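Spelled out, the chains give:
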Amino acid sequence: MISDLASTTSGRGRLVLESIDKNFEGSTVPALRGVSLSTMAGEFVVVVGPSGCGKSTLLNIAAGMLRPDAGHASLDGKPITRPGPDRAMVFQEHGLFPWLSALANVEFGLKMAGVPRGERQDRAAAALKMVHLANSTGKLIHELSGGMRQRVAIARALVMDPAVLLMDEPFAALDAQTRTLLHEQLQELWIRTRKTILFVTHSVGEAVRLADRIVVLHAHPGRVRRQILVPLQHPRDFDSKQVTELVSLVRTEIEQEVNRVNAAMASKDSAGKNLAEDLWQPATPDDLAPHPGDLGDGI
Amino acid sequence: MIWLLILATWEMAFRIHPWKDYYFPYPTQIVDSLLDLLNIQIGFHEPLHHGWPWLTQIPAHPKRGVFRSELFQGILISGGRLLGGFGVSILLGGSLGVLMWRFTPFNEFLGPLFLGLQTLPSVCWVPVAISLFGLQERAIQFVLIMGSFFAIAISLRDGLRTIPPLYQRAGLMLGASGWKLYLYVLLPAALPALCSGLRQGFSFAWRSLMGAEFVFQYSALHGLGNLLKDGQDQNDDAVVIGIMIVMVMIGMAADRLVFGQLEKRISHRFGLSGAK
């Protein structure tokens with residue numbers, strides 16, 4: 001099962017979002033302006049930004065739940081027009097079906113795809129085993145803890161063997177300990193399957209723990225501010241010096257940006273908005289450079 | 001318990017100081033009437049005597065067979081009408097409820113109308129039923145359907161509205177589109193609302209049916225409502241009250257045992273039952 005997933009994943013998952021604009025009705029500021037983002041096959045990309053920066057909107061465009069006003073989105077060369085199981089998503093509020101057992105929830109996508117009952121039960125059971133829930137297959141959703149629910153949601157997405165796994169703040173509603181546990185499990189899962197993952201969060205710590213590459217988004221309008229490669233090997237020790245240092249580095253940088261823009265906006269009147277927008281330069285290739293000096297050795 | 005006491009007092013009052021039983025029946029009389037309607041002839045209401053409660057006088061033409069009795073047949077006939085009419089009601093109310101939920105103009109057009117018509121007592125449909133179908137079986141069904149499907153449509157619409165949009169997104173993401181989304185995601189998600197809608201619809205349907213049968217005395221098939229009317233025509237208040245009790249019991253049994261249990265199981269599934 002696991003080796004199956006790994007082999008079919010190779011070469012898939014090149015998600016390309018190109019100069020995406022998105023406006024919502026009744027809002028003066030665009031949710032996204034000129035956002036470009038792409039993933040390589042097997043890459044773990046984390047989009048980080050404050051709430052309201054349009055990171056969930058971006059993910060929903062990748063999922064095909066929303067259409068961009070301008071720009072285009074494609075996966076492995078095929079344009080994204082509507083939701084589909086090749087871009088399986090894990091939601092913040094799990095979105096599992098309470099009328100089905102854990103196993104039946106994981107089976108659901110396979111059932112929609114017309115997979116015969118026996119095969120889909122086997123595959124669903126294997127997927128639940130991968131998220132360490134082999135003993136909870138028959139449980140109803142409300143009988144599971146928050147962390148277990150998210151693991152079922154991850155299994156439900158993985159069982160579809162998606163080209164890319166989209167995760168929308170999946171651990172934001174969990175307590176810190178559960179979150180750390182799930183970070184470990186997700187990391188382990190990713191190492192085993194090498195799925196392309198696009199993960200959205202507002203937590204810098206989460207981003208540094210998990211990502212190959214961090215994309216920093218800023219709000220009003222939502223734009224890519226910076227991209228940071230995380231040159232740490234997987235699996236990572238979350239308590240290691242490199243991780244904690246990188247977290248504070250990225251956090252400081254984001255705070256500086258926010259303060260700078262806030263200051264610019266406060267110092268101007270009506271024209272301030274334009275000035276603030278000018279401050280947001282699109283990310284340049286230089287931004288992709290890691291910060292070797294800050295990270296010490298062992299990378 | 002307190003009810004048993006009241007019934008016993010009522011019975012004792014009659015036994016000590018008999019009043020004319022056609023003014024107001026007393027408990028054992030009602031019991032006897034009901035049993036008589038079931039072709040079981042027995043004399044609980046007779047004064048205590050040797051051999052009580054068997055009748056002192058053997059009837060000249062004893063009635064035989066519970067299954068051929070008026071009451072048993074009446075329950076079957078009413079039950080059959082109910083199943084048929086309620087079935088149509090579910091289909092009609094269900095599909096209109098879905099349409100009202102899915103298409104706003106449809107809802108704007110029908111929603112207020114349905115809410116209004118829902119307040120109309122179902123017996124008011126009788127004149128329309130007669131002019132449409134004449135004095136026929138169909139007229140009774142018509143009253144039943146008109147009395148219940150508005151409630152089903154409205155409650156289904158309201159239930160569908162409370163479905164978290166996330167379920168729909170999750171379903172789409174997993175490849176459930178078109179009818180699959182309706183069948184595998186929206187319908188089960190609407191189950192709790194659907195169930196309480198059906199429960200409400202059922203009690204509307206049952207009341208409408210009893211009312212309709214009471215008014216339509218022309219049918220060859222005698223349902224419970226017809227028996228009630230017979231009792232009234234014969235000034236037999238024991239029969240009247242007996243039939244009323246049967247109606248209440250059937251209504252309550254269906255409500256508690258069928259819909260109550262269904263609701264309980266659904267809310268357990270969904271984790272709505274409080275006990276977590």
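Just so it is clear, the structure is predicted and the values come from calculations on it, not from any experiment.

Trainee: So, the overall build of chain B: which residues are in play, and what are the values?
Mentor: Per the secondary structure count, chain B includes eleven helices and zero strands. Helices and strands appear in chain B in the N-to-C order α-α-α-α-α-α-α-α-α-α-α. For chain B, the C-alpha radius of gyration of 24 Å lies well beyond 19 Å, the compact-globule estimate for 276 residues. Here the contacts in chain B between residues at least 6 apart in sequence split such that 65% fall between residues at least 24 apart.

Trainee: Let's hear about the overall build of chain A: which residues, and what values?
Mentor: Looking only at helices and strands, chain A has ten helices and ten strands in total. Residues classed as buried in chain A amount to 54% of the 299 residues present. If you sum the accessible surface of chain A, you get close to 12700 Å²; carbon and sulfur atoms cover 51% of it.

Trainee: Explain the confidence of the model for chain B to me, and be specific about the residues and the numbers.
Mentor: All names here are of chain B. In this model, chain B carries a mean pLDDT of 82, and residues with pLDDT of at least 70 account for 90%. Ranking the elements of chain B by mean pLDDT puts helix H2 (residues 27-37) last with 77 and helix H7 (residues 165-173) first with 91. With a pTM of 0.75, the predicted complex shows an ipTM of 0.79.

Trainee: Lay out the interface of chain B and chain A with the relevant residues and their values.
Mentor: Counting residues at the interface gives 20 residues for chain B, matched by 25 residues for chain A. With both chains or domains summed, chain B and chain A bury close to 2200 Å², and 70% of this area falls on carbon and sulfur atoms. The largest per-residue losses of area from chain B upon contact with chain A belong to Met 173, Leu 174 and Arg 269 of chain B, which jointly make up 34% of the total buried on that side. The interface formed by chain B and chain A holds zero salt bridges in total. Joining chain B to chain A, the criterion identifies four residue pairs in polar contact (both at pLDDT 80 or more). Of all the secondary structure elements, the ones that give two or more residues to the side of chain B that touches chain A are H7, helix H8 (179-189) and helix H11 (237-269) of chain B. Looking at the side of chain B that touches chain A, the element that brings in the most residues is H7 of chain B, giving seven residues.

Trainee: Describe in detail the sheet that holds strand E7 (residues 164-168) of chain A, supporting the description with residues and values.
Mentor: The mixed open sheet is built from six strands, whose spatial order is E6-E7-E8-E3-E9-E10 (chain A). A strand with exactly one partner marks an edge of an open sheet, and here the two such strands are strand E6 (89-90) and strand E10 (223-229) of chain A.

Trainee: Mind laying out a nonpolar patch on the surface, listing which residues take part and the relevant values?
Mentor: A contiguous nonpolar patch, built from Met 1, Leu 4 and Leu 7 of chain B and spanning about 360 Å² of accessible area, is present on the exposed surface. As for its placement among the helices and strands, Met 1 of chain B is situated in the segment before helix H1 (2-16).

Trainee: Please give an account of the pattern of salt bridges that cites residues and values.
Mentor: Residue and element names in this part refer to chain A. What the rule picks out here adds up to 18 salt bridges over all chains. Between Lys 195 and Asp 161 there is a salt bridge whose closest N-O contact spans 2.6 Å. Taken as a pair, Lys 195 in the loop between helix H6 (176-193) and strand E8 (196-201) and Asp 161 in the loop between helix H5 (146-158) and E7 lie far apart in primary sequence, 34 residues in all. Comparing Lys 195 with Asp 161 shows no difference in burial state: the two are buried. Linked through salt bridges whose partners overlap, the residues forming this network are Arg 12, Asp 161 and Lys 195.

Trainee: I'd love a proper account of unusual backbone geometry, names of residues and values included.
Mentor: Residue and element names in this part refer to chain A. Cis geometry is adopted by the peptide bond preceding Pro 235, which originates at His 234 and carries an omega value of -10 degrees. Among the secondary structure elements, Pro 235 is positioned in the loop between E10 and helix H8 (241-267). Notably, Asp 76 is not glycine yet its phi reads approximately 50 degrees, a positive angle. Turning to its location among the elements, Asp 76 is positioned in the loop between strand E4 (70-75) and strand E5 (78-79). A positive phi is found at Asp 161, a non-glycine position, where the angle reads about 50 degrees.

What counts and how
- Residues numbered from 1 in each chain as written.
- Chains lettered and ligands numbered in written order.
- Predicted model: local features only at pLDDT ≥ 70, side-chain atom pairs only at ≥ 80, totals over all residues.
- Heavy atoms only, no water.
- Helix = DSSP H or I, 4+ residues; strand = E, 2+ residues; numbered from the N terminus.
- Rg over C-alpha atoms; globule rule 2.2 N^0.38 Å.
- Contact = heavy atoms within 4.5 Å.
- Buried < 20%, exposed > 50% of the residue type's maximum accessible area, 1.4 Å probe, protein only.
- Areas by Shrake-Rupley, 256 points an atom, 1.4 Å probe, with all protein chains shown as cover.
- pLDDT = per-residue confidence, 0-100.
- Buried area = accessible area lost by both parts, 1.4 Å probe.
- Salt bridge = Lys/Arg side-chain N within 4 Å of Asp/Glu carboxyl O.
- Polar contact = N/O pair within 3.5 Å; in protein donor to acceptor, adjacent residues only side chain to side chain.
- Pairing = 2+ DSSP bridges.
- Patch = residues over 30% accessible without salt bridge, like charges linked within 9 Å, V, L, I, M, F, W, Y side chains within 5 Å.

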